[in-house]
Each structure stands twice: as structure tokens, then as C-alpha cells.
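Now for the letters of each chain:
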Amino acid sequence: MFINLEIDWPKHVAAGPCKRCVEVCPVDIFRMADGKLEVVADNEDECILCDMCLVQCPTRAITLRKLYEAL
Ligand code: SF4
């Protein structure tokens, strides 16, 4: 795993029923389940570091740490 992805849930909730990350992530790391946002941990290794989720999130609720940069 070369990213660490965290969601600030209070910030996410503040955005209302937002699912921009689900719509923009090209490798389906986010999904909606029963109306709630989920991170699909099994897909995290597919991240292409495009930063679209970060750019599109209206409340900056997503933190994506690129672990390879720390090596
Ligand atoms: S950086 Fe791109 S590929 Fe990675 S989780 Fe965000 S939208 Fe998906």
C-alpha cells in the first residue's frame, strides 16, 4: 500500500449528501453504500495519484498521504 487515505467525517457530513469523490475517482476507491460514503480499501493500491478527489471535495475532507514520498 503506498497511500494513506483518511476522511474527516464531520467535514464530509458538512458537505451534505456529497459524492464528488465517487464520481471523479477513476479507479473506484470510493463508493456509496446505503447512502453513505465508503472507502474501498481493496482498491487503494490502484490509486494513480491524480488528486481529483482532493481537488473536487468541497470541504477538503480527504487527506491523501503519499507514503512513497516518505521513503
Ligand atoms: S488521487 Fe485519484 S485515483 Fe487516487 S483516490 Fe483520489 S481520485 Fe482516486
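Residues numbered from 1 in each chain as written. Predicted model: local features only at pLDDT ≥ 70, side-chain atom pairs only at ≥ 80, totals over all residues. Heavy atoms only, no water.

Colleague: How would you summarise the nonpolar core if you had to cite specific residues and measurements?
Modeller: In this structure, Leu5, Cys21, Ile29, Phe30, Cys53, Ile62 and Leu64 are the most contacted members of the largest nonpolar core, which totals 14 residues. Within the residue set of this core, elements represented by two or more residues are strand 1 (3–7) and strand 4 (62–66). Broken down by element, the residue count for this core peaks at three residues, all from strand 1. The residues contacting isoleucine 29, other than those within four sequence positions of it, are Leu5, Glu38, Val39, Val40, Asn43, Glu44 and Cys47. (Core = buried A, V, L, I, M, F, W, Y, C linked by side-chain atoms within 4.5 Å. Buried < 20%, exposed > 50% of the residue type's maximum accessible area, 1.4 Å probe, protein only. Helix = DSSP H or I, 4+ residues; strand = E, 2+ residues; numbered from the N terminus. Contact = heavy atoms within 4.5 Å.)

Colleague: Could you give me a rundown of the pattern of salt bridges, with the residues and numbers involved?
Modeller: The final tally for this structure, using the stated rule, is three salt bridges. Across the pair glutamate 23 and arginine 20 runs a salt bridge, and its minimum N-O distance is 2.7 Å. Taken as a pair, glutamate 23 and arginine 20 lie in helix 2 (residues 20–24) at a separation of three residues, close to a single helical turn. Arginine 20 gets classed as partly exposed once you look at its relative accessible area, which sits at 31%. Between glutamate 38 and arginine 31 there is a salt bridge, with its nearest N and O atoms 2.9 Å apart. For glutamate 38, a relative accessible area of 29% puts it in the partly exposed group. With a relative accessible area of 42%, arginine 31 lands in the partly exposed category. (Salt bridge = Lys/Arg side-chain N within 4 Å of Asp/Glu carboxyl O.)

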